[in-house]
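Structural description and commentary
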Amino acid sequence: MRPQDILMPVAAGLCCKPGGFHIDPVRPVERALITHGHSDHARPGHGAVLATQETLDMMRLRYGDSFARSTQAISYGETITLGDVSVTFHPAGHVLGSAQIAVTCGETRIVASGDYKDTPDPTCTPFEIVPCDVFITEATFGLPVFRHSNPIGEIAKLLSSVALFPERAHLVGAYSLGKAQRVIALIREAGYDAPIYLHGAMEKITRYYESRGVALGELRLAKGMKKADLAGTITLAPPSAITDIWTRRFPDPVAAFASGWMRVRARARQKGIELPLVISDHADWDGLCATINATGAGEIWVTHGQEDALVHWCQSKGLKARPLDLVGYGDEDEDGTAADEATAS
């Protein structure tokens, strides 16, 4: 069977007709396999959802108990047969519970990576290379200009600023699922042991991370704190909060933002970011290229991001490659945090 007969892009997303399911569908479907809990990949309203326990829990936290008619948890390395195919979930290293989905039909294995990163993260299971015939890769940072900094150095910049401006509060914009918890863990690894404050929209997911054994130190809610008492502190907040009226409760706040997009200085200035921190939960250009090589795949399908450049690179290496042109995927947590912020600011 040809790869395109196993998995094909349709309006709802990636469809596996032989298995009777979609991967990360953007519209309600009868059976959905979900790679991770970010709101552009994990949507409510499906009939049945198969995902890791952590991803199911994230969806439940975001959308309530009735986000799907039925759910089934799958562990990393576990194989399940669906119709004429078998599926196995492997760590993607993106956020807690994130997975690559390997779909095998006959002698052909296709791996849908979802979102992934190949760099260390103390808050989730490390990325795993899965040998395959066809590799479906994201290309969020699929341009050679995107080579992410060492996050340890970026955290050092933040802590240096905190030490330099003890009279100011530092507000770090970070997506509420994955990025915020990783930044906190990195701050702790750097030796910072003072309380770290949270915007209310961060609390549910951050406490969930702690319940899964991720050590984050002493955390407090910023809400209700006296303005003067927040001098010299670090607060994690959704990106949209760090430049709006919510910041008035902090003394002379320093707006920081942890994102791979902070490599583009013009974007940092446009967003009013005083302290850009280049910390990404996606593979950079070098990571994408290294991963593609390591899978041994002879065919590469490229999705959401800078597709053309990565397709061209693959073809220059003698690989068969094409863009999938899937729609509906973008900045991962904006929709989810927007909903949370309305009730948790």
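Only a predicted model underlies this, so the values are computations on that prediction, with no experimental measurement involved.

Digging into the overall build of the protein
In terms of regular secondary structure, the protein is built from nine helices and 19 strands. Expected size for 345 residues packed as a compact globule is a radius of gyration near 20 Å; at 20 Å, the protein falls within 12% of this value. Reported as C-alpha extents along the three principal axes, the dimensions of the protein are approximately 65 × 45 × 30 Å. Evaluated residue by residue, the protein yields a buried proportion of 59% over its 345 residues. The contacts in the protein between residues at least 6 apart in sequence include a share of 60% that link residues at least 24 apart. Looking at the protein as shown, the accessible area adds up to about 13,500 Å², and 51% of this sits on carbon and sulfur atoms. Taken together, the 33 basic and 41 acidic charged side chains of the protein have centroids lying 4 Å from each other.

As for the nonpolar core
In terms of nonpolar packing, the biggest core is built from 34 residues, with Val172, Ile187, Tyr209, Ile234 and Leu236 touching the most fellow members. If you list the elements that add at least two residues to this core, you get helix 3 (151-164), helix 4 (179-189), strand 13 (196-198), helix 5 (203-211), strand 15 (234-237), strand 16 (254-258) and strand 17 (275-277). Discounting chain neighbours no more than four positions away, the residues touching Val172 are Leu158, Val183, Ile234, Thr235, Leu236, Ala237, Ile242, Ala256, Ala258 and Leu277.

What about the environment of Leu288?
Considering the arrangement of structural elements, one finds Leu288 in helix 7 (residues 285-295). For Leu288, a relative accessible area of 0% puts it in the buried group. Between the C-alpha atoms of Leu288 and Phe257, which are 31 residues apart in sequence, the distance is 23 Å.

Re the side chain of Asp121
Structurally, Asp121 can be placed in the loop between strand 10 (108-112) and strand 11 (134-139). For Asp121, the side chain forms a polar contact with the side chain of Lys117, separated by 2.7 Å. Within the structure, Asp121 has its side chain in polar contact with the side chain of Thr123 (distance 2.7 Å). If we ignore the near neighbours within four places in the chain, the residues touching Asp121 are His94, Arg182 and Asp281.

Some details on the sheet that holds strand 19 (residues 320-323)
Spatially, 7-8-9-10-11-18-19 is the arrangement adopted by the seven strands of the open sheet, whose pairing is mixed. The sheet is open, and its two edges are formed by strand 7 (79-82) and strand 19, each paired on a single side. Shown here is a sheet whose adjacent strand axes are inclined to one another by a mean of 20 degrees, direction ignored. Pairing geometry for strand 7 and strand 8 (residues 85-91), over four bridges, is antiparallel. Among the inter-strand pairings, Thr81 is bridged to a residue of strand 8, identified as Ser86. Packing against the sheet, helix 7 makes contact with strand 11 and strand 18 (299-305), and its axis sits at approximately 175 degrees to strand 11.

Side note on the sheet that holds strand 13
Ordered by their spatial adjacency, six strands build an open sheet running 14-13-15-12-16-17, and the pairing between neighbours is parallel. Edge strands, defined here as strands with exactly one partner in the open sheet, are strand 14 (219-221) and strand 17. Adjacent strand axes in the sheet meet at a mean angle of 30 degrees when their direction is disregarded. Across four bridges, the pairing between strand 12 (residues 170-173) and strand 16 is parallel.

Overview of the pairing of strand 11
Along strand 11, six of the six residues are buried, which leaves the element largely enclosed by surrounding structure. Of the two faces of strand 11, the one lined by Val134, Ile136 and Glu138 and the one lined by Phe135, Thr137 and Ala139 are each fully buried. Two strands pair when backbone bridges link them, and strand 10 and strand 11 are joined in this way by three bridges, in the parallel orientation. Within strand 11, the position partnered with Ile110 by the bridge is Val134. Summarising the sheet, strand 11 and strand 18 pair through six bridges and their orientation is parallel. Its bridge partner being in strand 18, Val134 is matched across the sheet by Glu299.

Some points on the pairing of strand 18
Here strand 18 lies mainly inside the structure; six of its seven residues are buried. Of the crossover connections in this fold, the one passing from strand 18 over helix 8 (residues 307-316) to the parallel strand 19 is right-handed.

What to know about helix 4
Note on helix geometry: an α-helix contains 3.6 residues per turn, so any two residues three or four positions apart are oriented the same way. Burial runs high along helix 4: 10 of the 11 residues are buried. Restricting attention to buried positions, one finds in helix 4 the residues Lys179, Ala180, Gln181, Arg182, Val183, Ile184, Ala185, Leu186, Ile187 and Arg188. Just downstream of helix 4, Gly191 is the residue with a positive phi angle, here 100 degrees.

A short note on the packing of aromatic side chains
Enumeration according to the criterion identifies seven aromatic pairs in this entry. When the ring of Phe141 is compared with that of Phe146, the centres are 5.0 Å apart and the planes differ by 65 degrees; the resulting orientation is edge-to-face. Neither residue differs from the other here; Phe141 and Phe146 are each classed as buried. Plain terms: the ring middles of Phe146 and Trp261 are 5.4 Å apart, the flat faces sit at 90 degrees to each other, and that makes the pair edge-to-face. A residue pair is termed long-range when its members are at least 10 positions apart, and Phe146 in the loop between strand 11 and helix 3 and Trp261 in the loop between strand 16 and helix 6 (265-270) qualify at 115 residues. With respect to class, Phe146 is no different from Trp261; both count as buried. One aromatic cluster is present, built from ring pairs that chain together Tyr116, Phe127 and Phe135.

Rules used throughout
Residues numbered from 1 in each chain as written. Predicted model: local features only at pLDDT ≥ 70, side-chain atom pairs only at ≥ 80, totals over all residues. Heavy atoms only, no water. Helix = DSSP H or I, 4+ residues; strand = E, 2+ residues; numbered from the N terminus. Rg over C-alpha atoms; globule rule 2.2 N^0.38 Å. Buried < 20%, exposed > 50% of the residue type's maximum accessible area, 1.4 Å probe, protein only. Contact = heavy atoms within 4.5 Å. Areas by Shrake-Rupley, 256 points an atom, 1.4 Å probe, with all protein chains shown as cover. Lys, Arg positive; Asp, Glu negative; His and termini not counted. Charge placed at Lys NZ, Arg CZ, Asp CG, Glu CD. Core = buried A, V, L, I, M, F, W, Y, C linked by side-chain atoms within 4.5 Å. Polar contact = N/O pair within 3.5 Å; in protein donor to acceptor, adjacent residues only side chain to side chain. Pairing = 2+ DSSP bridges. Axes fitted to C-alpha atoms, helices over the stretch in contact; angles between N-to-C directions. Right-handed = clockwise from strand over helix to strand, strands pointing away. Phe/Tyr/Trp six-rings, centres within 6.5 Å; stacked < 30°, edge-to-face > 60°.

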